[in-house]
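Survey of secondary and tertiary structure
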Amino acid sequence: MTVLLAFALVASACGGGDGDSDSGSGTASATTAAPATTAATPAPATTQAQTQVTIAAVEQTTTTQGAVTTTQAPVPEPEGTLRMVEFSPVTSFNPAASQTAQSAYLYPHYDTLTRQRNDLSLEPSLATSWTQPSPNVWRFTVRDDVVFHDGAAFNAQVAVDNMNYHASFAGNPNAATWAVFAEARVIDDTTFEVEFANPAPQFPLEMSMVMGMMISPNALDGRDLTRDPQGSGPWIWSEADSQAGVTEVYDLNPNYWNPADQGVETVTVTAVPDNNARLNALLTGEADIMATTRDAQIDAALEADMVLVSVPNFFAYILITGRDGVIDEPLGDERVRRAILLSLDRDAYANAIHSGKADSLGGIYPPAFTQFNVPELDDKYSYDPEEARRLLAEAGYPDGVTIQMPIMPAINPIVEFVIQMLGASGISIDLIQINNGELGPGTAGGNWGMSWFRDLLVHPARDLGKFTAKEGRFNAFNLDDTAGLHATLLEALEATDPAESFESYAEVMEGLIDLGVVLPLAHGGQNGMYAPYLTGVTMGLNMQAPMPYGVRINN
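Residues numbered from 1 in each chain as written. Predicted model: local features only at pLDDT ≥ 70, side-chain atom pairs only at ≥ 80, totals over all residues. Heavy atoms only, no water.

1. What about the nonpolar core?
- Among the nonpolar cores identified, the biggest contains 146 residues, and Met163, Tyr349 and Trp452 are the most heavily contacted of them.
- The biggest single contributor to this core is strand β14 (residues 307-320), with ten residues.
- In contact with Met163, other than residues within four places in its own chain, are Leu113, Trp178, Phe181, Ala184, Phe192, Val194, Phe203, Met207 and Met214. (Core = buried A, V, L, I, M, F, W, Y, C linked by side-chain atoms within 4.5 Å. Buried < 20%, exposed > 50% of the residue type's maximum accessible area, 1.4 Å probe, protein only. Helix = DSSP H or I, 4+ residues; strand = E, 2+ residues; numbered from the N terminus. Contact = heavy atoms within 4.5 Å.)

2. Quick notes on helix α15 (residues 498-514)
- With 17 residues, α15 should reach 24 Å at 1.5 Å per residue; the first-to-last C-alpha distance of 24 Å fits that figure.
- Of all the positions in α15, only Ser501, Phe502, Ser504, Tyr505, Ala506, Val508, Met509, Gly511, Leu512 and Ile513 are classed as buried.
- Taken together, the buried residues of α15 touch α7 (334-342), α12 (460-463), α13 (465-468), α14 (483-494) and β18 (518-530).
- Its side-chain oxygen at 3.1 Å from the backbone nitrogen of Ala499, Asp497 defines the N-terminal cap of α15.
- At the C-terminal side of α15, Gly516 shows a positive phi close to 80°. (Expected span 1.5 Å × (residues − 1). Polar contact = N/O pair within 3.5 Å; in protein donor to acceptor, adjacent residues only side chain to side chain.)

3. Description of the pattern of salt bridges
- Summed over all chains, the structure comprises 21 salt bridges.
- Notably, a salt bridge pairs Glu183 with Arg185, separated by 2.7 Å at the nearest N-O pair.
- The class for Arg185 is partly exposed, based on a relative accessible area of 23%.
- The salt bridge involving Asp333 is made with Arg335; its shortest N-O contact spans 2.8 Å.
- Judged by relative accessible area, Arg335 falls into the partly exposed class, the value being 30%. (Salt bridge = Lys/Arg side-chain N within 4 Å of Asp/Glu carboxyl O.)

4. Considerations on the environment of Pro330
- Tracing the backbone shows Pro330 in the loop between β14 and α7.
- A sequence separation of 73 residues divides Pro330 from Ile403, and the C-alpha atoms of the two residues are 7.7 Å apart.
- Those residues in contact with Pro330 that lie beyond four places of it in its chain are Val336, Tyr397, Val401 and Ile403.

5. Side note on the packing of aromatic side chains
- As enumerated under the stated definition, the model contains 19 aromatic pairs in all.
- Here Tyr107 and Tyr549 contribute two aromatic rings whose centre-to-centre distance is 5.9 Å and whose plane-to-plane angle is 85°, an arrangement assigned as edge-to-face. Taken together, the residues span a long stretch of sequence, with Tyr107 in the loop between α1 (103-106) and β4 (114-116) and Tyr549 in the loop between β19 (534-535) and β20 (552-553) at a distance of 442 residues. With respect to class, Tyr107 is no different from Tyr549; both count as buried.
- Ring pairing ties together the aromatic residues Phe140, Trp178, Phe181, Phe192, Phe196 and Phe203, which thus form one cluster.
- Lying over the aromatic face of Tyr549, Arg115 brings its terminal NZ or CZ to 3.8 Å of the ring centre. (Phe/Tyr/Trp six-rings, centres within 6.5 Å; stacked < 30°, edge-to-face > 60°. Lys NZ or Arg CZ within 6 Å of the ring centre and 35° of its normal.)

6. A few points about the pairing of strand β15 (residues 401-407)
- Of all seven residues in β15, five are buried; the element is thus mostly enclosed.
- Pairing between β15 and strand β16 (residues 427-433): seven bridges, direction parallel. Bridge pairing in β16 places Gln404 opposite Asp430.
- Note that the unit made of β15, helix α10 (residues 412-423) and β16 has a crossover that is right-handed. (Pairing = 2+ DSSP bridges. Right-handed = clockwise from strand over helix to strand, strands pointing away.)

7. Considerations on the side chain of Asp261
- With respect to the helices and strands, the residue Asp261 is situated in the loop between β11 (247-252) and β12 (266-271).
- Filtering out sequence-adjacent residues up to four positions away, Asp261 remains in contact with Arg115, Pro234, Trp235, Tyr256, Pro548, Tyr549 and Gly550.

8. As for the sheet that holds strand β13 (residues 289-291)
- Read from one edge of the open sheet, eight strands run β10-β11-β12-β3-β13-β18-β14-β17, paired in mixed fashion. The open sheet is flanked by β10 (235-237) and β17 (450-456), the only strands paired with a single partner. Put simply, the sheet's adjacent strands are angled 25° from each other on average, direction ignored.
- The pairing of β14 with β17 spans seven bridges and is classified as antiparallel. Within β17, the residue paired with Ile318 across the bridge is Trp452.
- Against the sheet, helix α5 (residues 275-283) makes contact with β3 (81-86), β13 and β18, and its axis sits at roughly 165° relative to β13, the strand it touches most. (Axes fitted to C-alpha atoms, helices over the stretch in contact; angles between N-to-C directions.)

9. Description of the sheet that holds strand β6 (residues 127-134)
- Overall, antiparallel pairing links the four strands, which are arranged β6-β7-β9-β8 in an open sheet. Of all strands in the sheet, those with a lone pairing partner are β6 and β8 (181-188), marking the two edges. Each strand of the sheet is rotated relative to its neighbour by a mean of 20°, with strand direction disregarded.
- Strand direction decides the pairing type here: β8 and strand β9 (residues 191-196), joined by six bridges, are antiparallel. Pairing of Phe181 across the sheet is with Phe196, part of β9.

As structure tokens, this is what we get:
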């Protein structure tokens, strides 16, 4: 049986928030898991938020070019300018150097191999079909009519060269995608294969994200793409009209292979770091789409007849990497880590930080991820500061402990609330001031032993190995205390029975919590808001902003 990751959602409102722009990376891959459950009640018409994520195995993975909207029916001419406001400016136009937070700046200019629909199912883009001829191999068939902005043609060889480029790019923040990459090879002009050291069932899904963006073959020789994007997308970045750090402008690509994607003539993305200013821009008509919408802003925007699009994959947690006790000696004791877990009042956190628009469950995957949610973990460790203090005393710290933890402007209120919670159990925090964007690299680099973090959940294949593998990105000190969990995760890769795979995932997730590696705080949504006169707005997994493809302005 071949396996395709198909995602189905139904509507209802979730919440999200601002965090570091790096959602992390991992080293393991995995198969699909337990059977899906049923979905929830539809939300109001002014909401495109989603609450149900179903990852299903289906036998048919072959799709055709006709599945992309390249029909012979007349396509309306593009009209107007789509104005987006984002949390932060672009740091690089190179997809291999770009994090999730950069997607708003890259999607106008680049094409991906696959694409996510608004229900999070996959559809063709540059790739017209994909199959899994063996557990460790994905085979893609690609279009033969795509031309890059510089005139170069796209084909299977270009796709293979892009695979190698992304996989070998130094400092790639999406290293999880390429951690078990073995090789890519050309079969013919329109067919190529990608082989992994172990199965990577999430790979076609990842090819809809920045990791799947194809760069012109003329720019794969070490050329600096920081302010020089080289793609084949529906719009072309305009250096003359753009202002670095402020607004990036993209003009219509007259030679684009799928005119149905081009609903507007121009796309602009403006960096507006202040959350209130970003919302005001939307409410006053200065912007059409607001990316990275905080939970506390949702109600005000809905009351003004704006529309919410929210993907329910925002996972906030405390990450403890310094379990060897080298940076903070107390973290080397599992009892101290358990005391930290029991000091987290998840109900209070969800209300204070997510304005009540998040759950307070104690597992890694929320119920929205029907196949990866472990209900037994939801309330396994409830808030218990008295037991936390007892554990600290038993560990030799009757007067409490002091732990270092980073703080940056984007997460100031979050960290301050965490400090308040921990303080009730006698756990003090010595803050390390960092800049926005430094949380992920600093955590991976071992600059501290504990931090607040957030992931945009995708699949256990992508989300868990970064903690369990000795060389995992967020096993910063290369500890082997998670070796058994990693072996169990790898077993899940080979499992052909979904129930067996689910049991393995559940064991890994419970182990990460028990060991004090991942301490859950809340699950919410990654949110965006847009004006009611827009149609075609879509946002997918591992994105912090809606995609511009097919969006039209209907004033």
